[in-house]
Amino acid sequence: MTNTYFVYLLASRMHGTLYCGVTNDLRKRVWQHRSGEWTGFTERYGVHRLVWYETHGDISAAIVREKRIKRWRRVWKLRLIEDINPNWNDLYPALLGLTPKTLSSRTPQAIRDP
């Protein structure tokens, strides 16, 4: 059985406050942020919109990627989001299968460090 890990970015709004995290259950983790189950940064700043994520087969690689993105300049993070999600659509409904994804043809795995 292959495990899947996710590195993700949440935003308060288009070009708003950003949060980067890592998880093995993206649906559950985003729900926790949105529901206020997790108090702290995302609750305080209203950072609930899932705007970007990528998958990894190895937790160590996912953690390294998350830490790297956290150190990036803001403009690099904005470019990462806008390369696949130019309208900053909330991807959470699509993740749940509620709406079709409206992303460009580039996949998160195709995007590398600037």
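A. Local environment of unusual backbone geometry. If you check the backbone angles, His15 has positive phi at about 65° while not being a glycine. Note on His15: relative accessible area 40%, which makes it partly exposed. In the Ramachandran plot, Trp88 falls in the positive-phi region, its phi being about 55° despite a non-glycine side chain. Look at Trp88 and you get buried, because its relative accessible area is 1%.

B. Main features of the packing of aromatic side chains. In total, this model carries 5 aromatic pairs according to the counting rule given. Ring plane angle 45° and centroid distance 6.2 Å describe the contact between Tyr8 and Tyr19, whose orientation is recorded as tilted. Here Tyr8 is found in strand 1 (residues 5-11), whereas its partner Tyr19 is found in strand 2 (residues 18-23), with 11 residues between them in sequence. Centre to centre, the rings of Phe41 and Tyr45 are 4.8 Å apart; their planes meet at 45°, and the pair counts as tilted. Here Phe41 and its partner Tyr45 are both found in helix 2 (residues 41-45), 4 residues apart, which amounts to about one turn of the helix. Accessibility expressed as a relative area gives 34% for Phe41, which makes it partly exposed. Put simply, the rings of Tyr8, Tyr19, Phe41 and Tyr45 touch in pairs and so form one group of aromatic residues.

C. Layout of the pattern of salt bridges. Under the defined criterion, the tally for this structure stands at 3 salt bridges. A salt bridge links Arg34 to Asp90; the shortest N-O distance between them is 2.8 Å. A residue pair is termed long-range when its members are at least 10 positions apart, and Arg34 in helix 1 (residues 26-35) and Asp90 in the loop between helix 4 (74-84) and helix 5 (92-95) qualify at 56 residues. For Arg34, a relative accessible area of 33% gives the class partly exposed. Taking the shortest distance from any N to any O, the salt bridge between Lys70 and Glu66 comes out at 3.2 Å. A residue pair is termed a helical-turn pair when its members lie 3 or 4 positions apart in one helix, as Lys70 and Glu66 do in helix 3 (residues 59-71) at 4 residues. The buried category is assigned to Glu66, whose relative accessible area is 10%.

Scoring rules and cut-offs
- Residues numbered from 1 in each chain as written.
- Predicted model: local features only at pLDDT ≥ 70, side-chain atom pairs only at ≥ 80, totals over all residues.
- Heavy atoms only, no water.
- Buried < 20%, exposed > 50% of the residue type's maximum accessible area, 1.4 Å probe, protein only.
- Phe/Tyr/Trp six-rings, centres within 6.5 Å; stacked < 30°, edge-to-face > 60°.
- Helix = DSSP H or I, 4+ residues; strand = E, 2+ residues; numbered from the N terminus.
- Salt bridge = Lys/Arg side-chain N within 4 Å of Asp/Glu carboxyl O.

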